[in-house]
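Each chain is listed here by its residues.
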Amino acid sequence: MKIIHLDKNHDLLLNQLNDLGFTNHEDYTASKSAIEAKISNYEGIIIRSRFTIDKQFLDAAKNLKFIGRVGAGLENIDCDFAEEKGIVLFNAPEGNRNAVGEHTLGMLLSLFNKLNKADKEVSRGKWLREANRGLELDGKTVGLIGYGNMGKAFAKKLRGFDVEVLCYDIKGNVGDDNCKQVSLEDLQEKVDVLSLHTPQTPLTLNMVNSEFINGFKKSFWLINTARGKSVVTKDLVSALDSGKILGAGLDVLEYEKSSFENLFKVEEPKFRWMRKGKKSNLPEAFQYLINADNVILSPHVAGWTVESNIKLAQTIVDKIKVKFC
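A few points on the structure. These numbers were taken from a predicted model, which means no experiment stands behind them.

1. Brief notes about the layout of surface pockets
- Taken as a whole, the second largest pocket encloses approximately 190 Å³ of empty space.
- If you trace the second largest pocket, you find 14 residues lining it, with Leu111, Lys114, Trp221, Asp293 and Asn294 closest to the centre.
- For the lining of the second largest pocket, the elements supplying multiple residues, two or more each, are helix H5 (93-112) and helix H6 (115-123).
- Residue classes in the lining of the second largest pocket are distributed as six nonpolar, four polar and four charged.

2. Comments concerning the sheet that holds strand E12 (residues 295-297)
- Taken in spatial order, the seven strands make up an open sheet running E8-E7-E6-E9-E10-E11-E12, and their pairing is parallel. Pairing within the sheet leaves two strands with one partner each, and these edge strands are strand E8 (180-181) and E12.
- Across the sheet, H5 lies against strand E9 (193-196), strand E10 (220-224), strand E11 (245-250) and E12, angled at about 145° from E10, the strand it touches most.

3. Considering the pattern of salt bridges
- Applying the stated criterion across every chain, the model contains eleven salt bridges.
- Notably, a salt bridge pairs arginine 133 with glutamate 130, separated by 2.7 Å at the nearest N-O pair. Each member of the pair, arginine 133 together with glutamate 130, is exposed.
- Ionic pairing is found between aspartate 235 and lysine 234, a salt bridge with its closest N-O pair at 3.2 Å.
- When its relative accessible area of 58% is taken as the criterion, lysine 234 is described as exposed.

Quick notes on the rules
- Residues numbered from 1 in each chain as written.
- Predicted model: local features only at pLDDT ≥ 70, side-chain atom pairs only at ≥ 80, totals over all residues.
- Heavy atoms only, no water.
- 1 Å grid on protein atoms, 1.4 Å probe; cavity = no way out; pocket = protein on both sides within 12 Å on 5 of 7 lines; lining within 4 Å.
- Points joined across faces, edges and corners; volume = space filled by probe spheres on them.
- Helix = DSSP H or I, 4+ residues; strand = E, 2+ residues; numbered from the N terminus.
- Nonpolar A, V, L, I, M, F, W, Y, C, P; charged D, E, K, R; others polar.
- Pairing = 2+ DSSP bridges.
- Contact = heavy atoms within 4.5 Å.
- Axes fitted to C-alpha atoms, helices over the stretch in contact; angles between N-to-C directions.
- Salt bridge = Lys/Arg side-chain N within 4 Å of Asp/Glu carboxyl O.
- Buried < 20%, exposed > 50% of the residue type's maximum accessible area, 1.4 Å probe, protein only.

Distances and angles like these do not, on their own, reveal function.
Written out as structure tokens, the structure reads:
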């Protein structure tokens with residue numbers, strides 16, 4: 001069986017698939033159209049998020065048996081059409097769930113203790129103790145929207161704190177010893193912290209908007225390590241400005257490209273004189289976020305650790321092995 005690898009991953013993925021008898025070809029630079037022109041030669045695809053695998057691409061993949069997505073989400077693949085064609089889809093949320101859980105907790109504790117703000121101030125010679133008085137997580141209610149692999153991993157990290165953990169999920173009976181499942185109304189009634197752990201679907205696109213935010217009884221803290229397009233940034237900024245949202249930790253942003261690799265590609269004018277007085281082309285809401293003391297940003301790396309790089313690759317190998325060996 002021939003597999004084409006479209007994104008670079010941990011070497012164990014190639015090495016173990018070779019050992020299992022698969023023929024592996026690597027192409028990390030060709031255009032989507034060039035890959036599409038030769039995809040009929042392959043039975044398998046390994047991809048992270050280099051481009052979207054749509055109907056046209058899948059129609060060209062006459063002999064395709066599986067797609068391995070080295071990551072959690074599958075939004076860059078037309079899953080329904082792939083399944084219609086009998087193509088097996090593998091993803092690997094088991095591989096980076098622990099990393100996401102740790103990153104989410106790190107963001108929350110950093111916000112509560114103003115670590116980002118304090119670090120910048122101390123680096124500039126400012127020693128402001130009272131202005132950086134923090135909050136304790138104990139005694140708070142933490143709400144999760146989405147209680148799959150990522151939500152469960154975060155809830156597990158919270159076991160060491162004296163907190164109530166609630167979750168809302170469109171699936172029933174997902175609660176466990178670490179988290180109580182409740183209605184969305186109950187979640188909005190009680191939480192002090194809201195953390196998103198949902199995939200990108202039609203239901204979650206623009207989910208966190210002004211109407212949703214104003215449905216919460218109390219002001220709250222928001223953490224998003226899921227998908228950027230779940231949050232309407234201008235509505236988030238409005239809520240931060242009014243105090244309805246007390247602070248935000250964002251590993252993902254609405255403005256991300258589908259590849260997740262670059263937020264913006266800004267080309268500088270060719271001549272220096274053209275750069276003088278040049279206004280930023282960054283969205284106004286994003287400019288607010290990068291200047292806010294109560295916002296922490298990271299570049300979609302919650303699941304991007306040294307360890308998860310290994311575990312993601314191993315998870316895909318294991319799933320391929322079970323199905324095709």
